[in-house]
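# Architecture at a glance
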Amino acid sequence: MFNIRGIQLYDGRWNNPYDSAKGRQAIDELVATIPHCNYLYLDVWMTIDSIDNVAWTNKTALEAAINYARTKGLKIAFRCMTYNLTDLTFLPVNAQTFFINYTAVLEEIATYAQSKGVEVLGIGTELEKIDTYQAEWNNAIAKVRAKYNGKVFYTTNFFASQAQFDKKLTLNWFKNLDYLCVSAYFPLTATTDFIYPTATGGALNPAPKYIFPATPDVNTLKAAYMAYPQWGGDSTKSFKGSNVIALLQQLSEAIGKKLIFHMGLGSYHSACATPWSYKPYYTPAGGTQTQKPIDLEGQKNMYQAFFEVFSQTTFADGWLLDGAWLTIPLAEKSGNNVEFSIQNKPAAPYIEFAYENLSPPIEPSNNAGLLIIAATIIAIVIVLGMRKGG
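Residues numbered from 1 in each chain as written. Predicted model: local features only at pLDDT ≥ 70, side-chain atom pairs only at ≥ 80, totals over all residues. Heavy atoms only, no water.

## Describing the pairing of strand β4 (residues 75-82)
Put simply, the rule reads: Think of it in three bands: residues with accessible area under 20% of the maximum for their type are buried, residues over 50% are exposed, and the middle band is partly exposed, with areas taken using a 1.4 Å probe on protein chains only. Runs of H or I in DSSP of at least four residues are treated as helices and runs of E of at least two as strands, each being numbered from the N terminus. Any two strands between which DSSP finds at least two bridges are classified as paired.
Among the eight residues of β4, seven are classified as buried, and the element is accordingly described as predominantly covered. Pairing analysis gives eight bridges linking strand β2 (residues 39-48) to β4, with the strands arranged parallel. Residue pairing across strands places V44 opposite C80, the latter belonging to β4. Here β4 runs beside strand β5 (residues 120-125); their pairing, made up of three bridges, is parallel. By the bridge assignment for β5, F78 is matched with L121.

See the structure below:
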């Protein structure tokens with residue numbers, strides 16, 4: 001089995017609080033449904049104001065989740081996440097002020113994580129506009145390690161162009177992490193559920209026509225990792241034909257670290273085209289916002305494709321599944337929805353199967369080493385036998 005087999009638990013900001021009876025019941029049911037999940041994956045919420053002050057806002061809530069998870073034998077993974085900003089586009093007013101304040105809060109979180117025995121700590125998530133501040137990130141890592149003895153990771157966004165990938169190879173501070181976590185929201189299908197108006201009798205049709213494609217099968221999705229489909233239908237961002245797995249291998253080798261993966265998917269048609277999206281809606285021209293059709297099988301197929309492909313790599317060391325479990329008891333949680341959650345959905349039993357049965361391959365160098373050791377032992381036994389017989 002892989003070292004990190006995590007499920008993210010969403011807290012009482014939208015659902016029942018961690019320390020409520022229903023919050024504890026949700027953890028009970030997670031453990032019963034996916035017993036080979038070994039990490040409860042929790043967001044550490046940070047806010048950043050207009051003058052780069054940073055604050056940690058959900059310590060009390062985390063305390064309840066950690067304490068109860070420990071009674072169930074679960075390990076804990078923290079991910080530091082900004083609550084009030086869009087991480088991908090965030091730029092501080094003053095970078096130096098921001099990093100001083102951000103690092104100070106990371107030290108506070110690291111001290112707490114150490115006191116609670118948190119096994120894995122993510123120090124930032126998808127701060128793509130400021131990840132080139134290498135000295136500042138190295139300083140943050142050093143400050144965290146002075147307070148915390150567990151594994152440290154950072155979550156970088158997926159890449160949809162050669163330029164985005166090449167940039168990641170230049171970020172040498174990644175080498176000072178224990179893991180690099182990749183948000184693996186690679187679009188595996190083109191956006192083909194929208195047909196624009198066409199000329200008819202000299203006039204445009206009154207509205208676009210939405211046609212939702214058939215649920216993609218597992219083999220189609222697996223193949224997409226080896227030959228990336230055109231990203232979002234936008235040729236200016238096309239990474240078409242690239243082998244995502246080969247590039248991730250190159251990234252892992254460049255930084256000398258194993259990769260872990262933050263990923264998930266909503267259960268709606270065409271979700272694989274924009275897997276990061278929590279907004280499964282479309283708005284016909286002149287119409288009202290409409291929810292896309294539910295597609296439970298598509299969600300399961302994506303997870304299956306992901307695990308079958310990534311479990312065969314030598315760079316992957318685990319998974320942290322985004323938005324997969326809510327603090328709502330199963331009896332109150334219909335699976336007939338478009339959410340990322342896997343509760344009462346076909347994806348859940350498959351994920352349990354994957355967590356129990358899939359293991360990383362033995363790396364060739366390790367295998368060769370074992371063969372050499374075995375051959376040496378056999379040779380020694382033969383020589384000793386010959387001497388004894390003589």
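## Things to note about the packing of aromatic side chains
Applied cut-off: Pairing of aromatic side chains here covers Phe, Tyr and the six-membered ring of Trp, requires ring centres within 6.5 Å, and sorts the geometry by plane angle: under 30 degrees stacked, over 60 edge-to-face, intermediate tilted.
Counting across every chain of the model gives 35 aromatic pairs. Relative to F310, the ring of F261 has its centre 4.9 Å away and its plane inclined at 70°; by these criteria the two rings are edge-to-face. On the criterion of sequence distance, the pair formed by F261 in strand β12 (residues 259-263) and F310 in helix α8 (residues 296-310) is long-range, its members being 49 residues apart. Its relative accessible area of 0% is what places F310 among the buried residues. The structure contains a cluster of three or more aromatic residues connected by ring pairs, namely F2, Y225, F261, Y303, F306, F307, F310, F315, W319, Y350, F353 and Y355.

## Some remarks on α8
To be explicit about the condition: Given a helix with a known number of residues, its expected span is that number minus one, times 1.5 Å. Residues are treated as being in contact if the distance between any of their heavy atoms lies within 4.5 Å.
In this model, α8 (15 residues) spans 22 Å end to end at C-alpha, consistent with the 21 Å of a helix rising 1.5 Å per residue. Within α8, 12 of the 15 residues are buried, leaving the element largely enclosed by the surrounding structure. Along α8, the positions that sit buried rather than exposed are G298, Q299, K300, N301, M302, Y303, Q304, A305, F306, F307, V309 and F310. Looking at the buried positions of α8, the neighbouring elements they touch are α6 (218-226), α7 (244-255), β12, β15 (316-326) and α9 (347-357).

## What about the side chain of E136?
Spelled out, the test is: By the counting rule applied here, Lys and Arg register as positive and Asp and Glu as negative, while His and the ends of each chain are not counted. Here, a salt bridge means any side-chain nitrogen of Lys or Arg that lies within 4 Å of a carboxyl oxygen of Asp or Glu.
As for its placement among the helices and strands, E136 is situated in helix α4 (residues 134-147). One buried charge, E136, has no salt-bridge partner; the nearest side chain with opposite charge is K167, at 13 Å. Those residues in contact with E136 that sit more than four places away from it in its chain are Q96 and F99.

## Section: the confidence of the model for the chain
Selection criterion: The quantity known as pLDDT measures the predictor's confidence residue by residue, on a range of 0 to 100.
Averaged over every residue, the pLDDT of the chain is 87; residues scoring 70 or more account for 82%. Predicted confidence is poor over residues 232-236, with pLDDT under 50, and the contacts of this stretch with residues over four places away or in other chains come to three contacts.

## Some remarks on the pairing of β5
Across the six residues that make up β5, a large majority, six, are buried. Here four bridges tie β5 to strand β6 (residues 151-156), and the two strands are oriented parallel to one another. Bridge pairing in β6 places V120 opposite K151.

## Thoughts on the nonpolar core
Counted only if it meets this: Definition of nonpolar core: a set of buried residues of the types Ala, Val, Leu, Ile, Met, Phe, Trp, Tyr and Cys, connected through side-chain atoms within 4.5 Å.
Within the largest apolar cluster, 103 residues are counted, with the highest numbers of intra-cluster contacts made by I7, F78, F186, F261 and F307. With nine residues, the top contributor of residues to this core is helix α3 (residues 95-115). Filtering out sequence-adjacent residues up to four positions away, F261 remains in contact with C181, V182, A184, L248, F306, F310, F315, A316, G318, W319 and L320. In terms of nonpolar packing, the next biggest core, distinct from the first, is built from 10 residues, Y39, Y41, V120 and C181 among them.

## Let's talk about helix α1 (residues 21-33)
Put simply, the rule reads: Directions drawn from the helix axis to the C-beta atoms are what define this arc.
In this model, α1 (13 residues) spans 18 Å end to end at C-alpha, consistent with the 18 Å of a helix rising 1.5 Å per residue. Listed in full, the buried residues belonging to α1 are G23, A26, I27, E29 and L30. Down the axis of α1, the buried set is contained in an arc of 165°. They therefore lie on one face. Set apart from the buried face of α1 by more than 90 degrees, the exposed residues are A21 and A32. Looking at the buried positions of α1, the neighbouring elements they touch are β1 (4-10), β2, α2 (59-71) and β15.

## Some points on unusual backbone geometry
Unlike most non-glycine residues, E126 shows phi in positive territory, near 55°. With respect to the helices and strands, the residue E126 is situated in the loop between β5 and α4. With a phi close to 60°, N344 is a non-glycine residue in the positive phi region. Structurally, N344 is set in the loop between β15 and α9.

## A short note on the side chain of N38
Formally: Under the rule applied, a polar contact is a pair of N or O atoms within 3.5 Å (in protein, one hydrogen donor and one hydrogen acceptor; residues adjacent in sequence only if both atoms are side-chain atoms).
Its place among the elements puts N38 in the loop between α1 and β2. At 2.9 Å, the side chain of N38 and the backbone oxygen of N3 are in polar contact. If near-sequence neighbours (up to four positions away) are discounted, N38 is found in contact with N3, I4, R5, G6, L74 and K75.

## With respect to the environment of D52
As for its placement among the helices and strands, D52 is situated in the loop between β2 and β3 (54-56). With relative accessibility at 2%, the residue D52 sits in the buried group. Once the C-alpha coordinates of D52 and F98 are considered, the two residues, 46 residues apart in sequence, prove to be 5.0 Å apart. Other than its neighbours up to four places away in sequence, D52 contacts P92, V93, N94, T97, F98 and N101. A polar contact is formed between the side chain of D52 and the backbone nitrogen of V93, at a distance of 3.1 Å. A polar side-chain atom of D52 sits 2.7 Å from the main-chain amide nitrogen of N94.

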